[in-house]
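Chain residues, written in single-letter form:
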Amino acid sequence: MNTMTAPIATLDDLRGRHAVVLGLARSGTAVARLLADAGADVAAYDRRPPAELTEAVQALGGRPVRLALGVSADEARALIQTADLLVTSPSISPSMPTTDAWLRAASSSCA
C-alpha cells in the first residue's frame, strides 16, 4: 500500500486517492459508490467471479469502479499494493482461518 501524505478528514480528501474495496457485497458496493462519488479512483476486488456478482455490479450504477472479480491472488495483491486506502467488507477478517494469506499480509503491513 502507498503511504498517504495527508489524512482523510472529509469526503473532499478522497478526491484523487486510489481506493481498493475488498468484498463486493452490500457494504462493499455502498462504499465503492461513496468513494467514486467523492472523486476517488476506485477498484473493487471480490474472489467470486463476475457471474455471481451481477446484482452488485448493477448496484454500482455505472460509476467508474474498476472491477477485479475472480482474479488471481497475485493480481489482487498487486492491486492492494497500489492503494492509498484499503476498505474491507465487514465479512473479511484477517484473523479468520479461511481468509487468504495475502490479505493477512496486507493487513499486517498497514498496521
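Coordinates for the structure precede this section.
Nothing here was measured: the structure is a model prediction, and the numbers come from that model.

**Q** For this particular structure, what's the right way to read the overall build of the protein chain?
**A** Along the protein chain, the regular secondary structure elements total four helices and four strands. For the protein chain, the α and β elements follow one another from N to C terminus as β-α-β-α-β-α-β-α. Looking at the protein chain residue by residue over its 111 residues, the buried ones come to 36%. Counted over contacts in the protein chain with a minimum sequence separation of 6, partners at least 24 positions apart contribute 57%. In the form shown here, the protein chain has an accessible surface area of approximately 6300 Å², with 55% of it arising from carbon and sulfur atoms.

**Q** Mind showing me how you'd approach the sheet that holds strand S3 (residues 65-69) here?
**A** Strands in a sheet are paired, the pairing made by backbone hydrogen bonds, and the direction either parallel or antiparallel. The strand order across the open sheet formed by four strands is S3-S2-S1-S4, and the pairing between neighbours is parallel. The two strands at the open ends of the sheet, each matched to only one other strand, are S3 and strand S4 (85-88). Adjacent strand axes in the sheet meet at a mean angle of 20 degrees, parallel and antiparallel pairs treated alike. Pairing of strand S2 (residues 41-46) with S3, which is carried by five bridges, proceeds in the parallel orientation. Across the sheet, the residue bridging to Ala44 is Leu67, located in S3. Against the sheet, helix H1 (residues 26-37) touches strand S1 (18-22), S2, S3 and S4, its axis set at about 170 degrees to S1.

**Q** Sorry, what's going on with the nonpolar core here?
**A** One recurring pattern in soluble globular proteins is that nonpolar side chains are buried together. Among the nonpolar cores identified, the biggest contains 18 residues, and Leu14, Val21, Ala32, Leu35, Val42, Val65 and Leu85 are the most heavily contacted of them. Going through the elements one at a time, S1, H1, S2, S3 and S4 are the ones with two or more residues in this core. Residues Leu22, Ala43, Tyr45 and Ala68 belong to the second largest nonpolar core, which totals nine residues.

**Q** What should I look at first to understand the pairing of S2 in this one?
**A** Regular strands have side chains that alternate between both faces of the sheet. Of all six residues that make up S2, five are buried, and the element is covered over most of its length. Sheet analysis places S1 next to S2, joined by five bridges and oriented parallel. Bridge pairing in S2 links Val21 to Ala44. The handedness of the S1 to S2 crossover, carried by H1, is right-handed.

**Q** Would you mind going over the environment of Val21 with me for this structure?
**A** Topologically, Val21 is positioned in strand S1. With eleven residues separating them in the primary sequence, Val21 and Ala32 have C-alpha atoms 6.5 Å apart. The contacts of Val21, once residues within four sequence positions are left out, are Gly28, Val31, Ala32, Leu35, Val42, Ala43, Ala44, Tyr45 and Val87.

**Q** In this structure, what is going on with helix H3 (residues 73-81)? I would like to understand it.
**A** Here H3 has its buried residues at Ala76, Leu79 and Ile80. The arc that holds every buried residue of H3, seen down its axis, measures 100 degrees, which confines them to one face. Turned more than 90 degrees from where H3 packs its buried face, Asp74 and Gln81 sit exposed.

What counts as what
Residues numbered from 1 in each chain as written. Predicted model: local features only at pLDDT ≥ 70, side-chain atom pairs only at ≥ 80, totals over all residues. Heavy atoms only, no water. Helix = DSSP H or I, 4+ residues; strand = E, 2+ residues; numbered from the N terminus. Buried < 20%, exposed > 50% of the residue type's maximum accessible area, 1.4 Å probe, protein only. Contact = heavy atoms within 4.5 Å. Areas by Shrake-Rupley, 256 points an atom, 1.4 Å probe, with all protein chains shown as cover. Pairing = 2+ DSSP bridges. Axes fitted to C-alpha atoms, helices over the stretch in contact; angles between N-to-C directions. Core = buried A, V, L, I, M, F, W, Y, C linked by side-chain atoms within 4.5 Å. Right-handed = clockwise from strand over helix to strand, strands pointing away. Arc of directions from axis to C-beta.

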